[in-house]
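Residues per chain are reported as follows:
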Amino acid sequence: MNGQAACWSCGAAHRVDAPLCEACGKVQPVPPHRPGEARTSDKFAMLALPRSFDLDDEALSTAFRALSRKLHPDRFARATPQERRFALEQTTRLNDAHRTLRTPAKRAEHLLELRGIHLAGERESAHQLPVQQPLQMSMEFLEEMMEEREALLEAKHGGGGAEAIAKLAAAMELKQATTLARVGEMLRGLDAPGAASIESVAEQIARLRYYERYLDEAHGRGAEG
Amino acid sequence: MLFEIAEPGASRTKEACAVVALGIDLGTTNSLVAVVQADEAGSGAPRCLSIDEGSALLPSVVHYASGSSDTQPLVGRAARRLLASSPRDTLASVKRFMGKSGSDAETRRLTSYEFAKPLPAQSGASSDDSGSVRFLLSDGREVTPVEASAEILRTLKSRAEEALGQSVKQAVITVPAYFDDAQRQATKDAGRLAGLDVLRLLNEPTAAALAYGLDKKSQGTFAVYDLGGGTFDVSILELKDGVFEVKSVGGDSALGGDDFDRALATHLLAQADAARSSAPSKAGSDPKRTRAAIVAAREIKEKLSNAQLLLSDDPTVNAESLTREEAERVLDVGLVVSLDDTQPGEQQFRPPILRSAAPALRVTMANFESLVRPLVERTGAACKRALEDAGVRAPSGLGKDGGRKLDGVILVGGSTRLPLVRRYVAEIFGLEALRDLNPDEVVALGAAVQADLLTAETPQHDVLLLDVTPLSLGLETMGGLAEKLIQRNTTIPASAGQEFTTFADGQNGMDIHVVQGERELVQDCRSLARFTLSGIPPLPAGMARVRVEFRVDADGILSVSAREMFTGVSQSIVVKPAHGLTDDEVERMLLSSIENAQQDLDARMLIDARVEAQRIQRATEKQLEENGDLLEASERKQIDEAVARLTAAGAGQAHRPILDAIEKLDRQSKEFAERIMNRGIERALKGHSVDEFHGQIGAHAKKALGVE
């Protein structure tokens, strides 16, 4: 999605998925999704942020608020129905971009998507894109996770109490943080010579999903008290 | 009408500022209307209009005169004065019934106990549970909550027009953040019925924060604790750079001051029965007595709270209602009430009187607080969850570890006048609440600001509100599981899409069932809509691809579309839920979601595992049938055994053995799958279907392990 488009209002050329026309400031329509094309559009570019795993939270929030003030439908209460529709579509896209980028794990997944690697789950249509081999996790990792989950279930049912659960959660959070740091390192060095293969980065990122799910369960229990 | 005959010159200036949009707080107990107008000081501060006997508060009470359907119903104080004498034809707290069906828990709770006859019962023993609840008046007329609310809105509109001296068409109406789609739709309908163009339904805590944020010109992260007459809401917001961003909302749409009144009224009735020492009357069998107990309970609650507020010099207390001396005595000895010593036909309720003697029905602050404490403490869980969802930590330590710090707490709603509530809020957040703005007015003030933002050419305040979906939105999938597409607390407008596939070979239609709620099982969530996508081409199970898309616009209205990717067959709908709830879903949804998290999880894992087991079994059997010749007899036997073990495991109640059996079958048939694939390539067929089939086992085994 790197083509150019003309502004519907002033005719100036702009990047095809730019939310606003740089020349006249008008909200642009979201480019239609063409069959056979990946749905992935660059969420960093939308917020005019560098495409990097090391995103500054405050910079992201600031950019999100500033762009919201320009795009939100409430700012177009007296505009034409067409502009209101553009505003709605672009704000929906903006909210989605913000949601993805503010979580490090989702941000990492998006960086992979931009390189054409999609983790299983939110799959693209199989017949329109090359079929992708779903990522196979190593047997060791799966076994390790099974053991972790058993320990968690035991803590919950076996009466280990909140303390035991908190301990398990803390251990898992440490794993999560370590993996996240590793993913960050791998992503940073991806284009350097001798870098980790993109598949190995994907595998690490996929692990984060397992950790996240595990922590959801551990904390879900914690919310009861 | 008056303005049309004004002078030409004058009318031009009028036009420039004529279009005023109202901010309306349609409350359970009281309703208010506020506006923002350009003023000489240029502050553009919102203000509440005086609309009922000199007050900004219009009691949300509607009285229908018996047998005179032609006359306009009475609304406000005039109606409230008739609550005790005409309990059946005087409707109070109708907001609690908005979007509810005749069989909702809310109606059962009331009919079964204090409102049995006083508040008109639902339309007879109607078996039609899908429609809205109806109040049956004593002359046989039926009134829906939407119609009664429309009467309140109509009164607000006409009195605002009187106060402003101009006609008004547009309004922003506030709703509890935790209102679901049906309740929002009902509120919108009431607005339309009252002749208003509803620009937006604004969440009450958001409105309050808007008013506060503008008043204090502050930045930071705030919690809004909103405990009204019938609902409880908590919201966490961040105010920065002219953007009010709601981070999370939570609450209980059936908890409020009314419940405090009921708890005390129940206690009073029991005490009165005991004191009379006659046969206890059946609760609810005497509507006037029940009503009297509720009215008395409310007065006791207010008097006790006012006494405490007065003595602590709270700025929001009406100092004229009580002297310091009286306040001290109230807190010292309590209040005394009598429910029973009246003649039939006369006013059967006397307001609580101050007496130092101590007959049976004496209520002290300590009595009252011990009765309502469990109710107040119910708000704590929602506060905790909202903080965690927002990634915020309160000074008390509640919330997310290492999260952003909470800067302040804003109190909204009449029930936050209770000293017990204030102590509880200070305790759970570790912060004293802001209380510079009148908690009764603050919601309407915020609504007026938003109304101005949405209509004025040059709004008085340059701010933007970003709100969220209060409850998760999802779809029913195989096995009765709810697959969430849009998580709760997602900033709106929002969209999400996911691909689903068919379960059976040749399946040519797919039921799309849209649900709202946090629970894992569809039966525990609120059903919003159903439709069927038909015309899916006949394909082997798991091959068809249906992409379902959810879109939530800036008003929070959901639309859903489904599209089959091979043929492009598509269906879409805007979700407009029926007003009726078939049972107490909302209550269950709100209260049991946390309690049942573990039970849900176990059930979900079992169902997931069973569905997966069935799918794999079918696929394997199919492959054995078609390609069984690729196997040696011994290999065939091993696979058959693995299938048999899976069948046995599937009949059990635990998910783990099923997963183990799936994994064994998965390994056992790996070689087989490779041979099939090779054969497929050789035959230049769609070789990847088997490849996919095998990938799915891995993927689904992972899913069963707890990974999407």
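Look up: the structure comes first, before these words.
No experiment lies behind these values; they were computed from the predicted model shown.

Novice: Explanation requested: the overall build of chain A in the structure shown.
Specialist: Helix and strand content of chain A: seven helices and two strands. When the elements of chain A are put in sequence order from the N terminus, they spell out β-β-α-α-α-α-α-α-α. Here chain A holds 225 residues, and 43% of them are scored as buried. Across chain A, every contact between residues at least 6 apart in sequence was considered, and the portion connecting residues at least 24 apart equals 61%. Element-wise, carbon and sulfur atoms account for 53% of the exposed surface of chain A, whose accessible area totals about 11,200 Å².

Novice: Honestly, the overall build of chain B in this entry has me stumped. Any pointers?
Specialist: Assigned secondary structure in chain B consists of 19 helices and 28 strands. By residue count, 57% of the 708 residues in chain B fall in the buried class. Restricting to contacts in chain B with at least 6 residues of sequence separation, those with at least 24 account for 69%. Here chain B has roughly 28,500 Å² of accessible surface; of this, 49% comes from carbon and sulfur atoms.

Novice: Whenever I open this one, the packing of helix H3 (residues 81–102) of chain A against helix H4 (residues 104–113) of chain A confuses me. Can you help?
Specialist: All names here are of chain A. In the contact formed by H3 and H4, the axes pass within 5 Å of each other and the chain directions differ by 110 degrees. Accordingly, the angle class assigned to the pair H3 and H4 is roughly perpendicular. Residues Thr100, Leu101 and Arg102 of H3 form the contact with H4, whose participating residues are Pro104, Lys106, Arg107 and His110. Each residue belonging to the contact of H3 with H4 can be placed in one class, and the counts come to two nonpolar, two polar and three charged.

Novice: It is not clear to me how the pattern of salt bridges should be interpreted in this structure. Could you clarify?
Specialist: A side chain of one charge can pair with a side chain of the opposite charge when the charged atoms of the two come close. Applying the stated criterion across every chain, the model contains 54 salt bridges over all chains. Glu238 of chain B is the partner of Arg65 of chain A in a salt bridge, and the nearest nitrogen-oxygen pair spans 3.9 Å. Of this pair, Arg65 of chain A sits in helix H2 (residues 57–71) while Glu238 of chain B is found in strand S13 (residues 232–240), placing the two residues in two different chains. Among the ionic contacts, a cluster of salt bridges with common partners joins Glu58 and Arg65 of chain A together with Glu238, Lys240, Asp241, Glu245, Lys247 and Arg404 of chain B.

Novice: I tried to follow helix H8 (residues 287–311) of chain B on my own but got confused; where do I start?
Specialist: The α-helix winds at 3.6 residues per turn, so residues separated by three or four positions along the chain end up facing the same way. Taking 1.5 Å of rise per residue, the 25 residues of H8 of chain B would be expected to cover 36 Å, and the 36 Å separating its terminal C-alpha atoms lies within 8% of that figure. Phi turns positive one or two residues past the end of H8 of chain B, at Asp313 of chain B, with a value near 55 degrees.

Novice: Is there a simple way to think about the nonpolar core in this case?
Specialist: The nonpolar side chains of a soluble globular protein tend to be buried, and buried together. Counting 54 residues, the largest nonpolar core has Tyr225, Leu406, Val409 and Phe429 of chain B as the members making the most contacts within it. Counting residues per element, this core draws most heavily on H8 of chain B, which supplies nine residues. If you count residues domain by domain, this core takes at least three from each of domain 1 (19–255 + 378–466) and domain 2 (257–377) of chain B. For Leu406 of chain B, the contacting residues outside a window of four places in its chain are Thr221, Phe222, Ala223, Leu387, Val392, Arg393, Ala394, Pro395, Phe429 and Leu431 of chain B. Core analysis: the second largest hydrophobic core is formed by 49 residues, Leu112, Ile165, Leu190 and Leu208 of chain A among them.

Novice: Looking at this structure, I do not really get empty space enclosed by the protein. What am I missing?
Specialist: Residue and element names in this part refer to chain B. This structure, assessed with the given rule, holds 10 cavities of 30 Å³ or more. Of all the secondary-structure elements, those providing two or more residues to the lining of the largest cavity are helix H5 (181–193) and strand S11 (197–203). Per element, the largest residue contribution to the lining of the largest cavity is four residues, and it comes from S11. Among the residues forming the lining of the largest cavity, the class breakdown is 12 nonpolar, six polar and six charged. Split by domain, the residues of the lining of the largest cavity number at least three in each of domain 1 (19–255 + 378–466) and domain 3 (473–595).

Novice: How should I be thinking about the sheet that holds strand S14 (residues 243–252) of chain B in this particular structure?
Specialist: By definition, the strands of a sheet pair up through backbone hydrogen bonds, in either a parallel or an antiparallel sense. All names here are of chain B. In spatial order, the strands read S19-S12-S13-S14-S20; together these five strands make up an open sheet with mixed pairing. The two strands at the open ends of the sheet, each matched to only one other strand, are strand S19 (408–412) and strand S20 (464–466). Strand-to-strand, the axes of this sheet are offset by a mean angle of 25 degrees, without reference to chain direction. Bridging between strand S12 (residues 220–227) and S19 involves five bridges; their strand directions are parallel.

Novice: What is the right way to look at the sheet that holds strand S7 (residues 90–92) of chain B in this model?
Specialist: Residues and elements named next belong to chain B. Taken together, three strands build an open sheet; the order of strands is S6-S5-S7 and the sheet is antiparallel. On the outer flanks of this sheet lie strand S6 (74–75) and S7, each paired with one strand and no other. In terms of strand pairing, strand S5 (residues 61–63) meets S7 through three bridges, oriented antiparallel. Note on S7: the bridge partner recorded for Val62 is Leu91.

Novice: Whenever I open this one, helix H5 (residues 139–157) of chain A confuses me. Can you help?
Specialist: All names here are of chain A. Helix length check: H5 (19 residues) gives 27 Å between terminal C-alpha atoms against 27 Å at 1.5 Å per residue, within 8%. What H5 keeps buried is the set Phe141, Leu142, Met145, Met146, Glu148, Arg149, Leu152, Leu153, Ala155 and Lys156. Immediately beyond the C-terminal end of H5, within one or two residues, lies Gly159, with a positive phi of roughly 80 degrees.

Novice: Sorry if this is basic, but what is going on with the environment of Val183 of chain A here?
Specialist: Residues and elements named next belong to chain A. Looking at the element boundaries, Val183 is found in helix H6 (residues 161–188). Between the C-alpha atom of Val183 and that of Leu208, which follows or precedes it by 25 residues, the distance is 9.5 Å. In contact with Val183, not counting residues within four places along its chain, are Ala108, Gln204, Ile205 and Leu208.

Novice: Can you walk me through the pairing of strand S22 (residues 481–486) of chain B in this structure?
Specialist: A regular strand places its side chains so that they alternate between the two faces of the sheet. All names here are of chain B. Taking burial as the measure, the six residues of S22 include five buried ones, the bulk of the element. In the sheet, strand S21 (residues 473–477) pairs with S22 via five bridges, with the strands oriented antiparallel. The residue of S22 that forms the bridge with Thr477 is Leu481. Taken together, S21 and the strand that follows it, S22, pair antiparallel across an intervening segment of three residues, in which Gly479 is found at a positive phi of about 85 degrees.

Novice: I keep staring at the side chain of Ser149 of chain B and nothing clicks. Help me out?
Specialist: Mapping Ser149 of chain B onto the fold places it in helix H4 (residues 145–164). In contact with Ser149 of chain B, other than residues within four places in its own chain, are Leu26, Val94, Met98 and Ala190 of chain B.

Novice: Got a minute to help me understand the pairing of strand S26 (residues 546–552) of chain B in this structure?
Specialist: All names here are of chain B. Of all seven residues in S26, six are buried; the element is thus mostly enclosed. The sheet contact formed by strand S23 (residues 494–500) and S26 spans seven bridges and is antiparallel. Of the residues in S26, the one forming a bridge with Glu499 is Arg547. Where S26 meets strand S27 (residues 558–564), seven bridges bridge the pair, whose relative direction is antiparallel. Within S27, the position partnered with Arg547 by the bridge is Arg563. Count of turn residues in the S26/S27 antiparallel hairpin: five residues, of which Gly556 carries a positive phi of about 85 degrees.

Novice: I'm lost on unusual backbone geometry in this one. Help?
Specialist: Following Ile492 of chain B, the chain continues to Pro493 of chain B via a peptide bond in cis, the omega torsion being 0 degrees. Position of Pro493 of chain B relative to the elements: it lies in the loop between S22 and S23. Its identity as a non-glycine residue notwithstanding, Ala48 of chain A has a phi of 55 degrees, on the positive side. Phi is positive for Asn489 of chain B, which is not a glycine, with a value near 65 degrees. Position of Asn489 of chain B among the secondary structure elements: in the loop between S22 and S23.

The rules behind the values
Residues numbered from 1 in each chain as written. Chains lettered and ligands numbered in written order. Predicted model: local features only at pLDDT ≥ 70, side-chain atom pairs only at ≥ 80, totals over all residues. Heavy atoms only, no water. Helix = DSSP H or I, 4+ residues; strand = E, 2+ residues; numbered from the N terminus. Buried < 20%, exposed > 50% of the residue type's maximum accessible area, 1.4 Å probe, protein only. Contact = heavy atoms within 4.5 Å. Areas by Shrake-Rupley, 256 points an atom, 1.4 Å probe, with all protein chains shown as cover. Axes fitted to C-alpha atoms, helices over the stretch in contact; angles between N-to-C directions. Parallel < 35°, antiparallel > 145°, perpendicular 65-115°, else oblique. Nonpolar A, V, L, I, M, F, W, Y, C, P; charged D, E, K, R; others polar. Salt bridge = Lys/Arg side-chain N within 4 Å of Asp/Glu carboxyl O. Expected span 1.5 Å × (residues − 1). Core = buried A, V, L, I, M, F, W, Y, C linked by side-chain atoms within 4.5 Å. Domains from an automatic or database assignment. 1 Å grid on protein atoms, 1.4 Å probe; cavity = no way out; pocket = protein on both sides within 12 Å on 5 of 7 lines; lining within 4 Å. Points joined across faces, edges and corners; volume = space filled by probe spheres on them. Pairing = 2+ DSSP bridges.

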